[in-house]
Amino acid sequence: MKTEVNICWLRRDLRLKDNAALYHALKGSTPVLLLFIFDRHILDDLNDPKDARVTFIYRKLKELETELQQAGSSILIKYGTPEQIWSELLKTYTVKSVYTNHDYEPYAMERDDALAEYLRSESIPFQSFKDQVIFEKKEIVKADGKPYTVFTPYFRQWKLKLNDFYLKAYPVKKYLENLLQIQPFAFPELGTLGFQESDLQFPSASFEHKLAAYEQRRDFPADDATTHLGIHLRFGTVSIREAAAKALNAGAEKWLSELAWRDFYMMILSQFPHITTQSFKPAYDQIKWLNKEKDFEAWKNGKTGYPIVDAGMNQLNQTGYMHNRVRMIVGSFLTKHLLIDWRWGEAYFAEKLLDYELASNVGGWQWACGCGNDAAPYFRVFNPELQAKKFDPDNKYIYRWAPEYKQEKHSQPIVDHAFARERILKVFKEALNN
Ligand SMILES: Cc1cc2nc3c(=O)[nH]c(=O)nc-3n(C[C@H](O)[C@H](O)[C@H](O)COP(=O)(O)OP(=O)(O)OC[C@H]3O[C@@H](n4cnc5c(N)ncnc54)[C@H](O)[C@@H]3O)c2cc1C
C-alpha cells in the first residue's frame, strides 16, 4: 500500500525554522514528507562543475538531513526535472496535498503553474506561501493600485505597513512530530549530480555584530563592514523575518532599508518580468553598444588598468563576492566606459556571485547602466579614480585585491576616462532622443 503524505517542497527556503510552507504543511493531519529536487533545468545551464552555489545547497541539505533524522524523519532528495520527479512521486506515494513557498523568478513561476495544473488534474491541492520577502507582489502599491517603480516612496509605505504580524516567526518546532517518521533516504553523492565540492569559503550566517557600525562604514570596501548575508537570504538558510526583526531591534534602519531594496526588486521582477531581458526603460534598448570582446575579457579578468575596477573583479573571481560600492563602480564602468551591454555584465555576475539573485542582479545592473526603473541617470558616469579616492582613500582595498598596483607592473587604462565620458553621453543621447 502506498504511504499517505503531504509533501513540502523546499527550494529557496532550506531551513526548518520559521518556514511558512513547512509550518502550514505540518499543521495538517497527514504526515509531512520533505522534498528537494536538484532541478536539471537549472543545473544543466551551469558551466562550472565546481559551482559554489551547488556545494552550498548540498551542504545545507546535509545539515537539514541531520536535523530531520533527530526528529525521526529524512529529506527525499531527487535529481531530474520537476515534471519527471513529480510524476514519479505520485506513483510512489498517495499525495494528499503539496506545500511550497512562492518564488518570483519567471522560470519558477512557470514551473509552479505547470505543477499546480498537473496536481489539479489529479485532484491534489497545491498551496504556496509568501516566505522569502516581507512584502510581495501587490502588497505595497501606490494609491492608484499600481506598483511603485521608485524606491523612496515604496520604502515609506513598506515601513508604515511593517508590524509584528509580518515579522513573527512561524513556530515550526511545535509541530515537528507531524513529520513523516521514516528510515533515512539515500543521500546522493555530489558527483552523481555532475558537480564537485567548491574550494570557496562561505560566509557565516551570523550578522548582528555588523549592524551597529553598518550605516557609517558600509560604503568603504576595505572595512568589509557589510553582513555578507546575501547567500543565506538567497537560499533561505536565514529567514527574512528574523533578519528584519533583528534589524528593528538593533535600530539598524539603514540595513533594514537594504532588506527592503531586496523586497522592492523582487516585487519589480514579479510585476515586470520582461526586465530580465529588456531594459525597464525601452528607449535604452536602442543604445548602440560596442560590445568589444577584448574589452569584456579585460574587465572580467581585472585588467582594465583602473585599480578599483580590477580589484573588484579580482575579489569577485577569487571569492564569489564583491562589495556593493564596487559592484556599482564596475557596473558603471562596463556599460558606460566600455559601452558593453548591461546584459553581458549581468550574466557574468550570475555565473560568479555566491549571492546571485535574479531580481537584485538585474535591478543592480539596470541601475548601474541607467536603464532601470529607479536608476542612476545616464549622464551620471562614475569616475573610477574619484570613487576610489573617496571610498578607498588609503588604497587598502585596492592593494588587497590588486596588489600589482603597489608596483609599476600593472595594466594601463584600456580607455581614457574623459574620452569614454564624452562618448557615452553622445551615444546615450542619440539612442534616447530617437
Ligand atoms: C551591479 C549589481 C549587481 C548586484 N547583484 C546582486 C545579486 O545578484 N544578489 C544580491 O543579493 N544583491 C545584488 N546586488 C545588491 C548588493 O550589492 C548586494 O546585495 C550586497 O552587496 C550583498 O552584500 P551583503 O550581503 O554584505 O549586503 P548588506 O549590505 O549587509 O545587506 C544585507 C542584505 O540586504 C540585501 N541588499 C543589500 N543591498 C541591496 C541592493 N542594493 N539591492 C537588493 N538587495 C540588497 C541583500 O540581500 C543583502 O545580503 C547587486 C548590486 C549591483 C550594483
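Residues numbered from 1 in each chain as written. Predicted model: local features only at pLDDT ≥ 70, side-chain atom pairs only at ≥ 80, totals over all residues. Heavy atoms only, no water.

(A) Representation of the overall build of the protein in the model. A tally of regular secondary structure across the protein gives 19 helices and five strands. Computed over its C-alpha atoms, the radius of gyration of the protein comes to 23 Å, within 12% of the 22 Å expected for a compact globule of 434 residues. The principal-axis extents of the C-alpha atoms in the protein amount to approximately 75 × 50 × 40 Å. The buried share of the protein, taken over its 434 residues, is 55%. For the protein, restricting intrachain contacts to residue pairs at least 6 apart in sequence, the fraction spanning at least 24 positions comes to 80%. (Helix = DSSP H or I, 4+ residues; strand = E, 2+ residues; numbered from the N terminus. Rg over C-alpha atoms; globule rule 2.2 N^0.38 Å. Buried < 20%, exposed > 50% of the residue type's maximum accessible area, 1.4 Å probe, protein only. Contact = heavy atoms within 4.5 Å.)

(B) Structural view of the UniProt feature "domain: Photolyase/cryptochrome alpha/beta" (unreviewed entry) in the protein. Here, UniProt's "domain: Photolyase/cryptochrome alpha/beta" (unreviewed entry) annotation points to residues 4-134. For the annotated span residues 4-134, helix accounts for 44% and strand for 26% of the residues, and the straight-line distance between the end C-alpha atoms is 33 Å. (UniProt positions renumbered as here; feature names shortened; annotations may be inferred.)

(C) Just the packing of helix α10 (residues 240-249) against helix α11 (residues 253-271), in detail. Close contact between α10 and α11 brings their axes to 9 Å; oriented N to C, the two are set at 150°. Considering the angle they form, α10 stands roughly antiparallel to α11. Crossing geometry of α10 relative to α11 is assigned as left-handed. Packed against α10, whose contacting residues are I240, A243, A244, A247 and L248, the element α11 presents W255, L256, L259 and R262 at the interface. (Axes fitted to C-alpha atoms, helices over the stretch in contact; angles between N-to-C directions. Parallel < 35°, antiparallel > 145°, perpendicular 65-115°, else oblique. Left-handed = near helix turned anticlockwise from the far one by under 90°.)

(D) Structural view of the packing of aromatic side chains. Taken as a whole, this structure holds 37 aromatic pairs when the rule is applied. Summarising the aromatic geometry, the rings of F155 and W158 are spaced 5.8 Å apart at their centres and angled 35° between planes, so their arrangement reads as tilted. With F155 and W158 both in helix α6 (residues 151-161) and three residues apart, the pair spans about one turn of that helix. These aromatic residues form a ring-pair network of at least three members: F135, Y148, F151, Y154, F155, W158, F165, Y166, W261, F264 and Y265. The side chain of R11 reaches across the aromatic face of W9, ending 4.6 Å from its centre. The ring centre of F220 lies 4.3 Å from the NZ or CZ of R217, which sits over that ring. (Phe/Tyr/Trp six-rings, centres within 6.5 Å; stacked < 30°, edge-to-face > 60°. Lys NZ or Arg CZ within 6 Å of the ring centre and 35° of its normal.)

(E) Geometry of the nonpolar core. Counting 90 residues, the largest nonpolar core has I134, W158, W255, W299 and F428 as the members making the most contacts within it. For this core, the leading source of residues is α11, giving 10 residues. Summarising the domain contributions, this core has at least three residues from each of domain 2 (133-169 + 209-271) and domain 3 (275-433). When neighbours within four sequence positions are excluded, W255 is seen to be in contact with F207, L211, Y214, T227, L229, A243 and A247. Counting 36 residues, the second largest nonpolar core, distinct from the first, contains L16, Y23, L64 and F195. (Core = buried A, V, L, I, M, F, W, Y, C linked by side-chain atoms within 4.5 Å. Domains from an automatic or database assignment.)

(F) Here's a closer look at the domain arrangement of the protein. We note that the domain assignment places domain 1 (1-131), domain 2 (133-169 + 209-271) and domain 3 (275-433) within the protein. Centre-to-centre separation of domain 1 and domain 2, based on C-alpha positions: 26 Å. Taken together, the 17 residues of domain 1 in the interface contact 23 residues of domain 2. When domain 1 packs against domain 2, the two sides together hide about 1,800 Å² of surface, and 57% of this comes from carbon and sulfur. Of the charged contacts, one joins D18 and R241 as a salt bridge, the two residues approaching to 3.0 Å between their closest N and O atoms. On the surface where domain 1 and domain 2 come into contact, there are 11 residue pairs in polar contact (both at pLDDT 80 or more). Looking at the side of domain 1 that touches domain 2 residue by residue, the class counts come to six nonpolar, one polar and 10 charged. (Buried area = accessible area lost by both parts, 1.4 Å probe. Salt bridge = Lys/Arg side-chain N within 4 Å of Asp/Glu carboxyl O. Polar contact = N/O pair within 3.5 Å; in protein donor to acceptor, adjacent residues only side chain to side chain. Nonpolar A, V, L, I, M, F, W, Y, C, P; charged D, E, K, R; others polar.)

(G) Representation of the UniProt feature "site: Electron transfer via tryptophanyl radical" (unreviewed entry) in the protein in the model. In the UniProt entry, the feature "site: Electron transfer via tryptophanyl radical" (unreviewed entry) is given for W289, W342 and W365. Here W289 is to be found in the loop between α11 and α12 (293-300). The buried category is assigned to W289, whose relative accessible area is 15%. Other than its neighbours up to four places away in sequence, W289 contacts T335, L339, I340, D341, W342, R343, C369 and F428. Turning to its location among the elements, W365 is positioned in helix α16 (residues 358-369). Beyond its immediate sequence surroundings of up to four residues, W365 is in contact with W299, V330, G331, L334, T335, W342, G345, E346 and F349.

(H) Layout of the packing of α12 against helix α15 (residues 342-352). At a minimum axis distance of 12 Å, the contact between α12 and α15 shows a crossing angle of 35°. The way α12 lies across α15 gives a crossing that is right-handed. On α15, the residues that touch E293, F296, W299 and K300 of α12 are W344, G345, Y348 and F349. Here the contact of α12 with α15 is built from residues that sort into five nonpolar, one polar and two charged.

(I) Structural view of helix α3 (residues 52-70). Taking 1.5 Å per residue as the helical rise, α3 with its 19 residues ought to reach 27 Å, and the 28 Å between its terminal C-alpha atoms agrees with that figure. Those residues of α3 that fall on the buried side of the exposure criterion are A52, R53, V54, T55, F56, I57, Y58, K60, L61, L64, E65 and L68. Structurally, α3 contributes buried residues whose contacts are with β1 (3-10), β2 (32-39), α2 (40-43), β3 (75-80), α9 (230-234) and α15. Note on α3: the residue one or two positions beyond its end, G72, has a positive phi of about 80°. (Expected span 1.5 Å × (residues − 1).)

(J) Up close: the environment of Y397. Mapped onto the secondary structure, Y397 falls in helix α18 (residues 396-401). On the accessibility criterion, Y397 (2% relative accessible area) is buried. For Y397 and D223, which are 174 residues apart along the polypeptide, the C-alpha to C-alpha distance reads 8.3 Å. Those residues in contact with Y397 that lie beyond four places of it in its chain are P221, A222, I308, A311, G312, Q315, M322, V326 and D392.

(K) Just the site of the ligand, in detail. Close contacts around the ligand come from 26 residues, with Y214, T226, T227, H228 and N324 the closest. The separation between an oxygen atom of the ligand and a polar main-chain atom of G230 is 3.0 Å. Here W255 contributes a side-chain N or O atom positioned 3.0 Å from an oxygen atom of the ligand. For the ligand, whose accessible area on its own is 820 Å², the fraction buried by protein is 96%. Every element with two or more residues in the shell around the ligand is listed here: α9, α11, α14 (324-337) and α16. Split by residue class, the shell around the ligand holds 13 nonpolar, eight polar and five charged. Three or more residues apiece are contributed to the shell around the ligand by two domains, here domain 2 (133-169 + 209-271) and domain 3 (275-433). (Near = heavy atom within 4 Å. Areas by Shrake-Rupley, 256 points an atom, 1.4 Å probe, with all protein chains shown as cover.)

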